[in-house]
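# Summary of structural features
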Amino acid sequence: MRTIKIGTLCMLLHAFALSAAAQNKFPLREPDYNKPALFDDLPSKLPFDINVVDELLDSPEEHSISIPLTKTLRFQGKVVSKSDNTDPNLKSIVIKSTNRLGATFTLTRMHNENGGFSYQGRIVSFKHGDAFELQIENGLYVLSKTKLYDLLSE
């Protein structure tokens with residue numbers, strides 16, 4: 001009889017332990033596909049003059065900028081972060097927009113083995129459903145509009 005009580009007690013403790021462990025799982029955040037668009041007034045592709053922003057990489061933090069990223073998009077904001085100079089082959093800058101509230105422009109320049117440079121960049125707002133990503137098409141840089149959740153993963 002004592003063995004049955006101990007066995008039953010062990011089974012109950014095991015059941016409680018399993019149910020307690022199941023409660024420690026964290027739910028994933030579901031994407032909100034109903035966020036408003038920030039760049040509705042702009043076309044899906046914008047030619048991008050990399051020479052205009054190349055000098056931005058040397059801007060000091062807290063510096064206010066106003067530059068034409070394209071003929072139809074003037075980006076105004078403040079430099080909130082930049083890479084340190086420990087790696088001379090890499091420069092990066094983050095600019096928080098003042099004219100597209102919530103948007104942040106991130107630009108990185110990498111020195112290639114062939115002596116040239118390549119660039120990566122994004123304009124993103126986590127409050128909105130659209131974004132721009134810097135891409136190369138036919139040898140030229142363009143800002144391509146994309147959906148926020150196509151750039152992000154949980």
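Presented here is a report on the structure given in the accompanying data block. Owing to the predicted nature of the structure, the values given are computational and were not obtained by experimental measurement. (Residues numbered from 1 in each chain as written. Predicted model: local features only at pLDDT ≥ 70, side-chain atom pairs only at ≥ 80, totals over all residues. Heavy atoms only, no water.)

## Concerning the overall build of the protein
Helix and strand content of the protein: three helices and eight strands. The linear arrangement of helices and strands in the protein, starting from the amino end, is α-β-α-β-β-β-β-β-β-β-α. Within the span of the protein, comprising 154 residues, buried residues form 30% of the whole. Roughly 10,600 Å² of accessible area belongs to the protein as shown, and the carbon and sulfur atoms make up 55% of that amount. (Helix = DSSP H or I, 4+ residues; strand = E, 2+ residues; numbered from the N terminus. Buried < 20%, exposed > 50% of the residue type's maximum accessible area, 1.4 Å probe, protein only. Areas by Shrake-Rupley, 256 points an atom, 1.4 Å probe, with all protein chains shown as cover.)

## Observations regarding the pairing of strand E4 (residues 90-97)
Regular strands place their side chains on alternate faces of the sheet. Pairing of strand E3 (residues 74-82) with E4, which is carried by five bridges, proceeds in the antiparallel orientation. From the neighbouring strand, lysine 78 faces E4, where its bridge partner is lysine 96. The pairing of E4 with strand E5 (residues 104-111) spans seven bridges and is classified as antiparallel. Following the sheet pairing, isoleucine 95 is matched in E5 by phenylalanine 105. Connecting E4 to the next strand, E5, in antiparallel fashion are six residues, including glycine 102 with a positive phi near 95°. (Pairing = 2+ DSSP bridges.)

## Concerning the pattern of salt bridges
Where charged atoms from two side chains of opposite charge come close, those side chains can pair. Applying the stated criterion across every chain, the model contains four salt bridges. The salt bridge partner of arginine 122 is glutamate 133, with a shortest N-O separation of 3.3 Å. Taken together, the residues arginine 122 in strand E6 (residues 117-124) and glutamate 133 in strand E7 (residues 130-137) connect sequence positions 11 residues apart. (Salt bridge = Lys/Arg side-chain N within 4 Å of Asp/Glu carboxyl O.)

## Topic: the environment of glycine 77
Considering the arrangement of structural elements, one finds glycine 77 in strand E3. The buried category is assigned to glycine 77, whose relative accessible area is 4%. Residues glycine 77 and serine 66 lie 11 residues apart in sequence; the distance between their C-alpha atoms is 6.6 Å. Contact partners of glycine 77, with chain neighbours within four places excluded, come to His63, Ser64, Ile65, Ile95, Lys96, Ser97 and Thr98. (Contact = heavy atoms within 4.5 Å.)

## Concerning unusual backbone geometry
Positive phi values are uncommon outside glycine, yet glutamate 62 reaches one of about 70°. Note on glutamate 62: relative accessible area 52%, which makes it exposed. The residue asparagine 138 is not glycine, and still its phi comes out positive at about 55°. Within the secondary structure, asparagine 138 sits in the loop between E7 and strand E8 (140-147).

Scope: geometric values only; no functional claims are made or implied.
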